[in-house]
Amino acid sequence: MTTSPSYLSATAEAYDAVAVRYADFARGYLAQVPLDRAILAAFAEFVRAAGAGAVAELGCGPGQMTAHLRDLELDAFGVDLSPAMIDLARQAYPDLRFEVGSMDALDLADGTLGGVVSWYSVIHTPPEELPPYFAEFRRVLAPGGHLLLAFFESEGDPVTAFDHAVATAYRWPIDDLAGLAYEAEFVEIGRMLREPREEERFRRGHLLLRRQ
Ligand SMILES: C[S@@+](CC[C@H](N)C(=O)[O-])C[C@H]1O[C@@H](n2cnc3c(N)ncnc32)[C@H](O)[C@@H]1O
């Protein structure tokens, strides 16, 4: 029997406890962030052009980003650790598929996806645990599939833990996170940094990558 690391159950419990509040916060957020929408639109265009299959949003929370990916004409579905988040996502978007699961051990066959999106979902993974996540993203993506990551950027510091409102999270130097992706044989297509909005604390990092 395999046992999940304790940080995974702690993260799931923390998001279960705030799921309804988080869904209220997340609703309407994308409408306020044009640069985020721009990199999502670019990702969708790359995936559609490659014609390589479905897109998994890993760590999908209440599902609004999965629905946005669907609106960008992608065959999108969501996976999240938190059963309460998955319940909310299924209620809000009954036409979309959502499953409980962890993105480091996906119930998906090798090489079947055209895209993977991790939108602020690797942020809670302790840094030393993160390399296998990229190996798993690579495993489930078809050759030529695309990966999009959004995360808190560390603004010149090394990887740093901080008191995220839900559970301990980590801010990453964009080059270090890109380095983990290169080690898993991804190539970078582009990156985007945006400064925090007035009510936000940290610079935001985005990486768009392709599986070789
Ligand atoms: C900050 S929320 C982001 C939710 C959504 N992507 C969004 O943009 O609103 C982080 C989500 O990642 C999920 N998560 C964290 N670690 C995960 C893992 N290893 N596998 C699957 N989901 C995970 C949490 O349960 C939570 O719902």
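Residues numbered from 1 in each chain as written. Predicted model: local features only at pLDDT ≥ 70, side-chain atom pairs only at ≥ 80, totals over all residues. Heavy atoms only, no water.

Undergrad: Which parts of the structure should I look at to understand helix α1 (residues 6-26)?
TA: Since one α-helical turn is 3.6 residues long, residues separated by three or four positions face the same way. Under the 1.5 Å per step criterion, the end-to-end length of α1 is only 26 Å for 21 residues, more than 12% shorter than the ideal 30 Å. Where α1 bends most, at alanine 19, the angle is about 70°. Of all the positions in α1, only Tyr7, Leu8, Thr11, Ala12, Ala14, Tyr15, Val18, Ala19, Ala23 and Ala26 are classed as buried. Turning to α1, the residues buried within the fold contact α3 (64-71), α4 (83-92) and α5 (131-140). In the stretch just after α1, glycine 28 is the one whose phi turns positive, near 85°. (Helix = DSSP H or I, 4+ residues; strand = E, 2+ residues; numbered from the N terminus. Expected span 1.5 Å × (residues − 1). Bend = angle between axes of the 7 residues up to and from the residue. Buried < 20%, exposed > 50% of the residue type's maximum accessible area, 1.4 Å probe, protein only. Contact = heavy atoms within 4.5 Å.)

Undergrad: Looking at this model, I keep getting lost on the pattern of salt bridges. Mind explaining?
TA: Across all of its chains, the model carries 17 salt bridges by this definition. One salt bridge in this structure joins aspartate 175 and arginine 191, with 2.8 Å as the shortest N-O distance. Placement of the pair is aspartate 175 in helix α6 (residues 174-183) and arginine 191 in strand β8 (residues 186-194), with a sequence separation of 16 residues. Judged by its relative accessible area of 36%, arginine 191 is partly exposed. Where arginine 194 meets glutamate 200, a salt bridge forms, and the shortest distance between an N and an O atom there is 2.9 Å. Judged by its relative accessible area of 6%, arginine 194 falls in the buried class. Glutamate 200 gets classed as buried once you look at its relative accessible area, which sits at 12%. Connected through salt bridges with shared partners, the residues Asp36, Arg194, Glu200 and Arg204 form a single ionic network. (Salt bridge = Lys/Arg side-chain N within 4 Å of Asp/Glu carboxyl O.)

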